[in-house]
Every structure is written in C-alpha cells, then in structure tokens.
Amino acid sequence: MNLHGPIPAERYLPYLTSSDIAQLPKTHAAVILPVASIEQHGPHLPVASDTLIGQVLLARALERAPQDAHLWVLPPLVYGKSNEHRAFPGTFTLSATTLSAVIHEIADGVARSGFRRLVLLNSHGGNPGVLSHVARDVREATGLMVFPLTVFLMGLPDEEYDEEEAAWGTHAGEWETSLLLHLAPELVRTDRIESLGQLPKMPEGVEHLSLRGPVTFAWLSQDISTTGVMGDPRKSTPERGERTADMIVEKLTAVLCEMARFEMPQPAGGDPS
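Just so we're clear, the structure is a prediction, and the values are computed from it rather than from any experiment.

K.L.:
Teacher, can you tell me more about the overall build of the protein chain here?
P.N.:
Broken down by element type, the protein chain carries eight helices and four strands. Listing each helix as α and each strand as β along the protein chain from the N terminus yields α-β-α-β-α-β-α-β-α-α-α-α. Computed over C-alpha atoms, the radius of gyration of the protein chain comes to 19 Å, within 12% of the 19 Å expected from 2.2 N^0.38 for 273 residues, which places it in the range of a compact globule. Its C-alpha atoms put the protein chain at 60 × 50 × 35 Å along the principal axes. Considering the protein chain as a whole, with its 273 residues, one finds that 49% of them fall into the buried category. A sequence separation of at least 24 residues applies to 79% of the contacts in the protein chain between residues at least 6 apart. If you sum the accessible surface of the protein chain, you get close to 13,500 Å²; carbon and sulfur atoms cover 53% of it.

This is how it looks when you write it as structure tokens:
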C-alpha cells in the first residue's frame, strides 16, 4: 500500500511508529506540512493542480537532499483558502479561520513530538496571507520555528514568460499549464486550450497593479475571467514546464536544507560584553 504518493517513503513521517518518532534526532530537523488546494483550474487543468504541483516538486527536492538532512513530511493538507474560485464547480474551500485552526492543531502535535521546526510548504496562490499570519501565531503559541514557504514565490524563469504573463499569469496560465504538461501530461485537456476565447488583459492605463503583485488588488476569479483562467496557456510547453520545475526544485532543495539547520539569531542589544 502506498500512502506517500511521490514523496520518498523514507522521509514520510506517518510510516514511523510512535517510538521511532520519539527517538529521531531533532536538533537539526524539520517537519514539512504541504498545504495546497482543490479548486477550479479552468476547463483544461484538474482541480488537484496545486496539490499535484506541490507534492511532486517537494518529492524531487527531497530526492536531491543529502541523506543526512533530517527532513520529515506529513500528509498534505489538500484543502486551502480558495474562496476566490468559489463561483466555479470543483472548488472545495476552507475559510481562513478553519485553515488557521487546523494548522495550529497540527503544529501542536509537531511540538509535542519534540520537533523544533515546522515548514508550511504551500503551492496555492490564495494561501500565503493566511500562512504568514498563522506562522507567527504558532511561533508564539508553541515556540516552534515556523517557515511559511510558497514554492512559486521563490521565482520563475524570467526568460520563459513575457511581461503580460508576468502580470496576469497567476492561475491556469502559461507557467502553471507548462508545469502540468511536464509533471502530469495525462491530466491536461490540451484539446480545450484553443477554445478558451478571449483571455484577460490589463486595463488601459494601469502601470503598477497586477494579479501577482508586488502591488495587487482584491479580486475574485469571476471578476477576471469567465473560464476561470488567468493567463495564456496557449503558449505552454512541457519543455518550459521542465525548465521551470528544475529551477524551483534546485532552490527548494537548498532552502529546505537550510531551514532544517536554522537557529534563531541571538537577540541584539543589551550588554555588548
């Protein structure tokens, strides 16, 4: 039986016994909680897109990590805050309050098990605000070092995607479709891409605002697109997806290994002697 999916079985924490977990070295170790979503991704991508992307990229990063990097993975929290997509079928969303409460209670278990670090590895664009908020509250409540980490906020290959896509390509557009064409091509309905019709564009005269930021605005997906697609998937290719995945995985491997070793700096001030 395979409960771990693409995650390396030797790093899947639920396969260990309670006694095993009690005896794990925890001085330099991190527990990773993947957080994603089940939500509409237009007519051409599966509603599990964010979950799939997060799990596969994490698995590849863990495969690259040194064997002595103490990185342990919990089962993914596949439901996230997706109310921006609620108008479309196939969206199953938690409120910010519910998502925060669930993470708090999982974090409590991480701390009671003796771990010192928790990584909230996110792969859904609607979650970062909640995770940033809850990470600090968990730090205060449990003493854990908490790292809210969103995979695509580590950057995308600029040479792959044009300025229009950088502004609008936030959901089921070129880069996300390219990733799925590389990671799970059997789940992409490529025959539906050309029939998407008119795609969203920035209104005339807008210079500073975009969907992805750094300067953004509150929106619901139906404000932007009748199909649920924000971006242009027609230029997507598996080759672009592979290059994007490789860049993210390289960064993610280094970041996770650093998080597992990280210690809070000594508080500044006081007696300099």
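Still more ground to cover, so stick around.
K.L.:
Sorry if this is basic, but what is going on with empty space enclosed by the protein here?
P.N.:
Where empty space is left in the structure can be found by rolling a water-sized probe over the atoms. Enumeration over the complete set of coordinates arrives at one cavity of 30 Å³ or more. Its volume calculated, the largest cavity comes out at about 40 Å³. Taken together, Pro34, Val35, Ala36, Thr51, Gly54, Gln55, Pro76, Leu77, Leu121 and Ser123 form the lining of the largest cavity. Looking at the lining of the largest cavity, the elements that each hand over two or more residues are strand S1 (29-35) and helix H2 (49-64). For the lining of the largest cavity, the element with the most residues is H2, which contributes three residues. Here the lining of the largest cavity is built from residues that sort into six nonpolar, four polar and no charged.

K.L.:
Honestly, the pairing of strand S4 (residues 145-150) in this entry has me stumped. Any pointers?
P.N.:
Across a regular strand the side chains alternate sides, sitting on one face of the sheet and then on the other. With five of its six residues buried, S4 lies for the most part within the structure. Taken together, the six bridges between strand S3 (residues 117-122) and S4 define a ladder with parallel strand orientation. Counted as the bridge partner of Asn122 is Thr150 from S4. As for the winding sense of the linkage, the β-α-β connection from S3 through helix H4 (residues 128-142) to S4 is right-handed.

K.L.:
What is the right way to look at the layout of surface pockets in this model?
P.N.:
By volume, the largest pocket is sized at about 640 Å³. Lining the largest pocket are 33 residues, with Gly125, Gly126, Pro128, Thr170 and Trp219 positioned closest to its centre. Taken together, the elements giving at least two residues each to the lining of the largest pocket come down to H2, H4 and helix H6 (174-183). Broken down by class, the residue content of the lining of the largest pocket amounts to 15 nonpolar, 12 polar and six charged.

K.L.:
Would you mind showing me how to read the environment of Ser100 here?
P.N.:
Mapped onto the elements of the fold, Ser100 is located in helix H3 (residues 96-112). Using a relative accessible area of 12% as the deciding quantity, one classes Ser100 as buried. Along the primary structure Ser100 and Pro267 are separated by 167 residues, whereas in three dimensions their C-alpha atoms are 28 Å apart. If we skip the residues at most four places from it in the chain, Ser100 touches Val130 and Val134.

K.L.:
How do you make sense of helix H8 (residues 238-261) when you look at a structure like this?
P.N.:
Given 3.6 residues per helical turn, the α-helix brings residues three or four places apart onto the same face. Spanning 24 residues, H8 covers 35 Å between terminal C-alpha atoms, matching the ideal 34 Å at 1.5 Å per step. Taken together, the buried positions of H8 are Gly241, Thr244, Ala245, Ile248, Val249, Leu252, Thr253, Leu256, Cys257, Met259 and Ala260. The elements touched by buried residues of H8 are S1, H2, strand S2 (70-73), S3, S4 and H6.

K.L.:
Sorry if this is basic, but what is going on with the side chain of Asn122 here?
P.N.:
Residue placement: Asn122 occurs in strand S3. According to the relative accessible area criterion, Asn122 is buried, its value standing at 0%. Of note is the side chain of Asn122, whose polar atom sits 3.0 Å from the side chain of Thr150.

K.L.:
Explain the sheet that holds S3 to me, please; I cannot follow it from the model alone.
P.N.:
For sheets, the rule is that strands pair by backbone hydrogen bonds, running either parallel or antiparallel. With parallel pairing, four strands are arranged side by side in an open sheet as S2-S1-S3-S4. Each of the sheet's edge strands pairs with one partner strand only, and the pair in question is S2 and S4. For this sheet, the mean angle separating the axes of adjacent strands, direction not counted, is 25°. Looking at chain direction, S1 and S2 are connected through four bridges and run parallel. Opposite Val31, over in S2, you have Trp72 as the bridge partner. Contacts from H8 reach S1, S2, S3 and S4, with the element oriented near 155° to S3.

Here is what the cut-offs are and how they apply
- Residues numbered from 1 in each chain as written.
- Predicted model: local features only at pLDDT ≥ 70, side-chain atom pairs only at ≥ 80, totals over all residues.
- Heavy atoms only, no water.
- Helix = DSSP H or I, 4+ residues; strand = E, 2+ residues; numbered from the N terminus.
- Rg over C-alpha atoms; globule rule 2.2 N^0.38 Å.
- Buried < 20%, exposed > 50% of the residue type's maximum accessible area, 1.4 Å probe, protein only.
- Contact = heavy atoms within 4.5 Å.
- Areas by Shrake-Rupley, 256 points an atom, 1.4 Å probe, with all protein chains shown as cover.
- 1 Å grid on protein atoms, 1.4 Å probe; cavity = no way out; pocket = protein on both sides within 12 Å on 5 of 7 lines; lining within 4 Å.
- Points joined across faces, edges and corners; volume = space filled by probe spheres on them.
- Nonpolar A, V, L, I, M, F, W, Y, C, P; charged D, E, K, R; others polar.
- Pairing = 2+ DSSP bridges.
- Right-handed = clockwise from strand over helix to strand, strands pointing away.
- Expected span 1.5 Å × (residues − 1).
- Polar contact = N/O pair within 3.5 Å; in protein donor to acceptor, adjacent residues only side chain to side chain.
- Axes fitted to C-alpha atoms, helices over the stretch in contact; angles between N-to-C directions.

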